[in-house]
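Observations on the three-dimensional arrangement
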Amino acid sequence: MSEWLSVFRRGLSIENPLTVLMIGLCATLAVSTQFQNALFMGLAVIFVLTMSNVLVSMFRRAIPDQVRIPIFIVVIASFVTIVDLVMKAYVPSVYQVLGIWIPLIVVNCIILGRAEAFAYRNGVGLSIADGLGMGTGYWIVISLLAVIRELFGTGRIVWFDATLVSLPSGYAPPSLLLLFPGAFFVFAFMIAGARWINDRFEARKEGSA
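Parameters at a glance
- Residues numbered from 1 in each chain as written.
- Predicted model: local features only at pLDDT ≥ 70, side-chain atom pairs only at ≥ 80, totals over all residues.
- Heavy atoms only, no water.
- Helix = DSSP H or I, 4+ residues; strand = E, 2+ residues; numbered from the N terminus.
- Contact = heavy atoms within 4.5 Å.
- Buried < 20%, exposed > 50% of the residue type's maximum accessible area, 1.4 Å probe, protein only.
- 1 Å grid on protein atoms, 1.4 Å probe; cavity = no way out; pocket = protein on both sides within 12 Å on 5 of 7 lines; lining within 4 Å.
- Points joined across faces, edges and corners; volume = space filled by probe spheres on them.
- Nonpolar A, V, L, I, M, F, W, Y, C, P; charged D, E, K, R; others polar.

1. Re the environment of Val48
Within the secondary structure, Val48 is located in helix 3 (residues 35-58). Along the backbone, Val48 and Gln96 are 48 residues apart, and their C-alpha atoms lie at a distance of 19 Å. Here Val48 is in contact with Ile76, Phe79, Val80, Val83, Ile105 and Ile111, once residues within four sequence places are set aside.

2. Concerning the environment of Gln66
One can find Gln66 in the loop between helix 3 and helix 4 (68-90). Given a relative accessible area of 72%, Gln66 falls into the exposed group. With 27 residues separating them in the primary sequence, Gln66 and Ser93 have C-alpha atoms 41 Å apart.

3. Digging into the layout of surface pockets
The rolling of a water-molecule-sized probe over the atoms marks out the regions of remaining empty space. Estimates place the volume of the largest pocket at around 270 Å³. Together, 13 residues line the largest pocket, and Arg9, Arg10, Ser13, Phe201 and Lys205 are the ones closest to its centre. It is helix 1 (residues 2-12) that contributes the most residues to the lining of the largest pocket, six residues altogether. Among the residues making up the lining of the largest pocket, the classes are represented as five nonpolar, four polar and four charged. Each pocket or cavity is described by its volume, and for the second largest pocket that value is around 200 Å³. At the level of elements, helix 7 (124-154) and helix 8 (180-208) are the ones that each hand at least two residues to the lining of the second largest pocket. Looking at the lining of the second largest pocket, its residues break down into seven nonpolar, five polar and no charged.

Distances and angles like these do not, on their own, reveal function.
Set out below in structure tokens:
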């Protein structure tokens, strides 16, 4: 159990796919203009990453090394298709906004990278921990990034046409936060914050050892 938790926690902190490994950034920066869209994108990544890890791990001994990458892509594309159809059926407004970014999960470096680097070399249990940890780490960072950009870039956070939070009426939101330069600016501060937390955590572990 301790090894399972250790693998899960790595995705949240010291191997976070966004703030540490810094992969899959294109979709992250593009989708994080609104909290609602970022949250659904994060859930989609958790599902596809975990399920593809499970399938790759289960059949890893039967997958020939020479054709493993095309097989990984077929597995990932199957789960992305499920996500695509479910979103189209149940949350069409989110599906219309996310658009091409849902099918592009197939070539997301995070998911293909974990299939190659972890699931192909480990058992099902640890692969589930890796998928959930990496997916949850991605979901937390993209949701937090979206909250900051939407709240301070528009003055409010909207959830299906309902305003969840709004800043005082005198606040003049800088639209730069909704553009790519603003996304890079906010994300840079998040990387610095995550690194500071990881450094303090590692220092505390060494001090208690």
